[in-house]
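Single-letter residue listing:
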Amino acid sequence: MKMQVECTIPKDDGSLATFVGFRIQHDNARGPMKGGIRYHPEVEPDEVNALAQLMTWKTAVANIPYGGAKGGIGCDPSELSVSELERLTRVFTQKIHDLIGVQTDVPAPDMGTGPQTMAWILDEYSKFHGHSPAVVTGKPIDLGGSLGRDAATGRGVLFATEALLKEHGKSVSGQRFVIQGFGNVGSWAAQLISEKGGIVVAVSDITGAIKNNNGLDIPSLLKHSRENRGVKGFHGGDAIDPMSILVEDCDVLVPAALGGVINRENANDIKAKFIVEAANHPTDPEADEILKKRGVVILPDIFANSGGVTVSYFEWVQNIQGFMWDEEKVNNELRTYMTKGFKDVKDMCKTHNCDLRMGAFTLAVNRVARATVLRGWEA
Ligand SMILES: NC(=O)C1=CN([C@@H]2O[C@H](COP(=O)(O)OP(=O)(O)OC[C@H]3O[C@@H](n4cnc5c(N)ncnc54)[C@H](O)[C@@H]3O)[C@@H](O)[C@H]2O)C=CC1
Ligand SMILES: O=C(O)CCC(=O)C(=O)O
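Just so we're clear, the structure is a prediction, and the values are computed from it rather than from any experiment.

Undergrad: Sorry if this is basic, but what is going on with unusual backbone geometry here?
TA: Backbone phi values are negative for most residues with the exception of glycine, while trans is the configuration of most peptide bonds. The phi dihedral of Asn63 falls on the positive side, at around 60°, and the residue is not glycine. Along the chain, Asn63 falls in the loop between helix H1 (45-62) and strand E4 (68-74). The partly exposed category is assigned to Asn63, whose relative accessible area is 39%.

Undergrad: Could you clarify how one ought to interpret the site of ligand 2 in this entry?
TA: Close contacts around ligand 2 come from 13 residues, with Lys34, Gly36, Lys58, Lys70 and Ser312 the closest. In the environment of ligand 2, an oxygen atom lies 3.0 Å from a nitrogen or oxygen atom belonging to the side chain of Arg149. Taking 300 Å² as the accessible area of ligand 2 by itself, protein coverage stands at 95%. Counting residues per element, the ones that place at least two in the shell around ligand 2 are strand E3 (33-40), H1 and helix H9 (307-321). Class assignment for the residues of the shell around ligand 2 results in three nonpolar, five polar and five charged.

Undergrad: In this structure, what is going on with the site of ligand 1? I would like to understand it.
TA: Every one of the 22 residues lining ligand 1 counts as a neighbour, but Arg38, Asp110, Thr153, Ala257 and Asn280 are closest to it. Contact distances for ligand 1 include 3.0 Å between an oxygen atom and a backbone N or O atom of Phe182. Within the backbone of Ala257, a nitrogen or oxygen atom sits 2.7 Å from an oxygen atom of ligand 1. Isolated, ligand 1 exposes 830 Å² of accessible area, and the fraction of that covered by the protein chains is 84%. Elements that contribute at least two residues to the shell around ligand 1 include exactly helix H4 (149-167), helix H5 (184-195) and strand E7 (199-205). A breakdown of the residues in the shell around ligand 1 according to their chemical character gives nine nonpolar, eight polar and five charged.

Undergrad: It is not clear to me how the sheet that holds E3 should be interpreted in this structure. Could you clarify?
TA: Within a sheet, adjacent strands bond to each other through the backbone by hydrogen bonds, running parallel or antiparallel. In space, the five strands of this open sheet follow the order E1-E2-E4-E3-E5, with mixed pairing throughout. What marks the edges here is a single partner per strand, and that holds for strand E1 (2-10) and strand E5 (105-109). Ignoring which end each strand starts from, the neighbouring axes of this sheet average 20° apart. By the bridge criterion, nine bridges tie E1 to strand E2 (residues 16-27) in an arrangement that is antiparallel. Counted as the bridge partner of Lys2 is Ile24 from E2. Packing of helix H2 (residues 82-96) onto the sheet brings it into contact with E1, E2, E3 and E4, and relative to E1 it is tilted by some 140°.

Undergrad: Would you explain the environment of Pro219 in this entry?
TA: Along the polypeptide, Pro219 turns up in helix H6 (residues 218-228). Along the chain, Pro219 and Gln191 lie 28 residues apart, while their C-alpha atoms are 7.1 Å from each other.

Undergrad: Could you clarify how one ought to interpret the packing of aromatic side chains in this entry?
TA: Ring pairs (aromatic) are described by centroid distance and by the angle formed between their planes. Enumeration over the complete set of coordinates arrives at seven aromatic pairs. Ring geometry for Phe303 versus Phe342: centroids 6.0 Å apart, planes at 45°, classification tilted. Pair noted here: Phe303 is in helix H8 (residues 301-304) and Phe342 is in helix H10 (residues 327-352), with a separation of 39 residues, a long-range link. We classify Phe303 as buried; its relative accessible area is 3%. Residue Phe342 is classed as buried on the basis of its relative accessible area of 6%. Look at Phe314 and Trp325: their rings are 5.3 Å apart centre to centre, the planes differ by 40°, and that puts the pair in the tilted class.

Undergrad: Could you clarify how one ought to interpret the pattern of salt bridges in this entry?
TA: Two side chains bearing opposite charge may form a pair once their charged atoms approach each other closely. Applying the stated rule across the entire model yields 25 salt bridges. The salt bridge partner of Lys139 is Glu315, with a shortest N-O separation of 2.7 Å. Taken together, the positions of Lys139 in the loop between helix H3 (115-129) and H4 and Glu315 in helix H9 put the pair 176 residues apart, joining distant regions of the chain. Close ionic contact of Glu167 with Lys346 constitutes a salt bridge, the shortest N to O distance being 3.6 Å. Within this pair, whereas Glu167 is found in helix H4, its partner Lys346 is found in helix H10, the two being separated by 179 residues in sequence. According to the relative accessible area criterion, Glu167 is partly exposed, its value standing at 42%. The exposure class assigned to Lys346 is buried, which follows from its relative accessible area of 19%. Bridged by salt links that share partners, the residues Glu86, Arg90, Asp123, Glu124 and Lys127 form one connected network.

Rules used throughout
- Residues numbered from 1 in each chain as written.
- Chains lettered and ligands numbered in written order.
- Predicted model: local features only at pLDDT ≥ 70, side-chain atom pairs only at ≥ 80, totals over all residues.
- Heavy atoms only, no water.
- Helix = DSSP H or I, 4+ residues; strand = E, 2+ residues; numbered from the N terminus.
- Buried < 20%, exposed > 50% of the residue type's maximum accessible area, 1.4 Å probe, protein only.
- Near = heavy atom within 4 Å.
- Polar contact = N/O pair within 3.5 Å; in protein donor to acceptor, adjacent residues only side chain to side chain.
- Areas by Shrake-Rupley, 256 points an atom, 1.4 Å probe, with all protein chains shown as cover.
- Nonpolar A, V, L, I, M, F, W, Y, C, P; charged D, E, K, R; others polar.
- Pairing = 2+ DSSP bridges.
- Axes fitted to C-alpha atoms, helices over the stretch in contact; angles between N-to-C directions.
- Contact = heavy atoms within 4.5 Å.
- Phe/Tyr/Trp six-rings, centres within 6.5 Å; stacked < 30°, edge-to-face > 60°.
- Salt bridge = Lys/Arg side-chain N within 4 Å of Asp/Glu carboxyl O.

Below you can see the structure in the form of structure tokens.
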């Protein structure tokens, strides 16, 4: 099911503005559809559709009982006031409320959205269907959100990286990291990686890029970024060209912003030995081939960033149980799921003598296919 809706809202100056929003559902053989809602100027139906498909494979790799969906609104959230964002989110929810639901399709945050967006969706949805905390995940804790969800995608990236490096006889400690994107995923990944002794030598976001060969002081960078709405102007490193961030010298490259950033233009110049795909679809197929030939090991998005949706699942379970887990339990369960996920992907790679991306997709497609056949849906 693909829904495209026009959302017209009054701006703060009294003028009217119309934005186009989407919710695209891909598959529900394994359970309710699940996936984030993105607010970004480049949101368009083909990309949302591709991201919805990725969610189907991601939830299958994570082995959580969901299918895949994705949504978004073509807008620049940095140019809208909080009250304009609230009006836009409420109008969007009014238009899609019959499509989403606790047992049908459960949205969550993605780029440009966060707990406050989920709170508005929950409130608007509940006007039509009664109080329904489990209709969205990534909510504020006071509205039934899970402890640990905010950090979950970044923490999952850490657990995934630890599993990958262990396989290669290494640990996070002492490895040099470059991270593109310093939003929810990138900033949590940077923080947790540096707490484990990883040396984060360069970071970028939409405002700029910053580098320090001795390692950036991540707590200070976080403070600076919060106070200045970006990494630009941070004095604990040198400003570099944001376009060069992906080809900076490092052991592990972590793209944690947009899709398609690793492509044939830069794939030959990438210095990292490992790429951990924290963003969705950061590597295009041509670059994937080039990097494979060059021996660069890529941990694919559908496993590497699955920590977010896994803790979203824990949040949904807690809402349905009406019982709140402590943060230690959430983080321990997440580690268990990520460790098992890595083992399942590696087993598939061994069976089919293939790389990690092919192993992850084979695992996912097999799981979805089995559910489809068992339900009697095969053509
Ligand atoms: N939030 C979540 O739980 C999950 C997010 N993801 C993916 O992770 C990626 C990042 O998402 P979030 O951190 O949630 O978004 P966010 O909106 O919190 O942060 C996005 C970051 O990317 C930066 N950015 C945007 N355009 C950029 C550019 N051209 N160059 C460099 N940096 C740029 C922004 O400045 C910001 O730092 C996306 O691909 C998203 O789909 C994947 C799984 C779960
Ligand atoms: O937490 C979720 O339900 C989905 C997060 C998401 O959109 C993603 O993993 O790309």
